[in-house]
Amino acid sequence: MTVAETGIGRVDRRQLWLLFGLGLALEVATSWLGIRGSAETLSSLGVYFDGHLYLEIARSFPLPYAPEGPDYLGQAPGYPAVLYLARILTPDAYLDWGLLAVGCSWIAGALCGPAFYRLASLFTAAPLWPSLLFITANPRWVPLSAAAHPEPLAMLFCILGLSAFLRESWPRCGLWFSLAALTRFPSVLLVVPLGLYALYERRGVRALAWLATPALSLVALHVYLRWRVPDFLSVFDSHQVFWNTEWTLPFRALIESSGSALWSPFYPDAAITYAFVAIYLIAIALGLRPNAQRHWLLSGWVATIVLFHASLSQIHGAIDFTRLAILAWPAAVLIFWHWIGRHMAGAPTAFACAVMAIYGIGISRMLISSAIPWQFQAQPFLEQARARLNSDEPHWVDFQVLAALRP
């Protein structure tokens, strides 16, 4: 049976628009519900979480970063670069920096649905249903796209990169994963399962050469930062000011944190976290079955992301595991769909997605609405960041001094 006869690889443009519209609607609704009942606006939402860091880097373009802001060097430049380009394309300040940050996350997250659809079409003749699960079934996915986070943009680049890899479009694959690595540094790890699969399938030197470009892009960034900031040592060293983590045995921090009182009593963080640890481990096992080589690649994808982030020490890595390991999600969905697709396609998936979408919006609203007052109280510089949303001049905060002054 040919590909045309199976329907695999076919794309329905109406379904692409449906997925884009659904993703965007979920994100906008989550953002609005998250700030409802508070003094915040959609603009000010752009400074929360790590948004304020990316806004200052974006303001420093076209020559990003500065010696005056060494604490910002641990943040990837991809998302700020997109914000800078969006600022150029919106003259006369029609949108302030906060709205640009949130809006770019919305659009990147919404584009992930159609991008995943095209990827899923290489595995199934009915890609709409797993695409709906991708959008709705992970409670941490929507809130990432509803605020100023780089993960939606990195996710988009990774999905496009995997699609290009499976289509053997090596230059596009190298380009997309280079952009992903410059948006979320751990994305570069994904070239490991891709490279091993390319070796197994004997794709040739050209494929491996293009898969080396993401690592080379990070080397180029490192060289640039050493030139721009003479005291720069490494991205990892610069990030220690926010999270002084170390490597430990895989899952040790998650196990030690399982009974911690630091888990929020209002947001079901612990339940979601440990549920997704189980989901990812099951996906890894299912993807390793014999006679399904492309699923070996998906299993390696999930294992690489999960094991890396499960090996970070301290409770910070455990609490944020579902966000840090979000790039494992698309491969996990494809693996599970191979097993449940014949039973779930159609009405069962539509019903499950509707339930999960409602649940996800509720969880996302709780996450955003509870995080905002806590961050505003713990990080007093956010008040100034909110007041500067129309300013194009970067203001570098010395977070080490702030930490020393904190009671």
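Scroll up to find the structure.
None of these values were measured; they are calculated from a predicted model.

(A) Seen up close, the pattern of salt bridges. In this structure the tally under the stated criterion is twelve salt bridges. Close ionic contact of Arg388 with Glu56 constitutes a salt bridge, the shortest N to O distance being 2.9 Å. Taken as a pair, Arg388 in the loop between helix 22 (381–387) and helix 23 (399–405) and Glu56 in helix 4 (residues 51–59) lie far apart in primary sequence, 332 residues in all. For Arg388, a relative accessible area of 14% puts it in the buried group. Taking the shortest distance from any N to any O, the salt bridge between Arg203 and Glu168 comes out at 2.7 Å. In this pair, Arg203 is assigned in the loop between helix 11 (191–200) and helix 12 (205–211) and Glu168 in the loop between helix 9 (151–166) and helix 10 (170–181), connecting sequence segments 35 residues apart. Overall, Arg203 belongs to the partly exposed group, its relative accessible area being 28%. One continuous salt-bridge network, built from bridges that share partners, spans Arg140, Glu151, Arg184, Asp320 and Arg323.

(B) Geometry of the nonpolar core. Counting 122 residues, the largest nonpolar core has Phe134, Phe165, Tyr280 and Val302 as its most contacted members. Element by element, the count of residues in this core is highest for helix 6 (residues 97–120), at 13 residues. The residues contacting Tyr280, other than those within four sequence positions of it, are Asn138, Val302, Val306, Phe321, Ala325, Ile326, Ala328, Trp329 and Ala332.

(C) The arrangement of unusual backbone geometry in detail. For the peptide bond that leads from Phe61 to Pro62, omega is 10 degrees, which places it in the cis range. Positionally, Pro62 belongs in the loop between helix 4 and helix 5 (78–89). With a phi close to 70 degrees, Phe251 is a non-glycine residue in the positive phi region. Inspection of the secondary structure puts Phe251 in the loop between helix 14 (235–239) and helix 15 (252–256).

(D) Summary view of the packing of aromatic side chains. Across all of its chains, the model carries 19 aromatic pairs by this definition. A centroid spacing of 5.4 Å and a plane angle of 25 degrees characterise the contact between Phe61 and Tyr84, whose relative ring orientation is stacked. Taken together, the positions of Phe61 in the loop between helix 4 and helix 5 and Tyr84 in helix 5 put the pair 23 residues apart, joining distant regions of the chain. You can call Phe61 buried: its relative accessible area is 16%.

Quick notes on the rules
Starting from 1, residues in each chain are numbered consecutively following that chain's sequence as written. Thresholds applied to this predicted model are a pLDDT of at least 70 for local features of residues and 80 or more for the giving and counting of side-chain atom pairs; totals over whole chains, interfaces and linings are not thresholded and use all residues. Excluded from the side-chain calculation are hydrogens and water; included are all heavy atoms of the structure. Each reported salt bridge corresponds to a side-chain nitrogen of Lys or Arg within 4 Å of a carboxyl oxygen of Asp or Glu. Put simply, DSSP marks the helices as runs of H or I at least four residues long and the strands as runs of E at least two long, and each gets a number from the N terminus on. Three labels apply to residues, based on accessible area from a 1.4 Å probe with only protein chains included: buried if under 20% of the type maximum, exposed if over 50%, partly exposed otherwise in between. Definition of nonpolar core: a set of buried residues of the types Ala, Val, Leu, Ile, Met, Phe, Trp, Tyr and Cys, connected through side-chain atoms within 4.5 Å. Contacts: residue pairs with any heavy atoms within 4.5 Å of one another. Stacked, tilted and edge-to-face are the three classes assigned to paired rings of Phe, Tyr and Trp, where Trp is represented by its six-membered ring and a pair needs centres within 6.5 Å; plane angles under 30 degrees give stacked, over 60 edge-to-face, the rest tilted.

These figures come from the coordinates and say nothing about function on their own.
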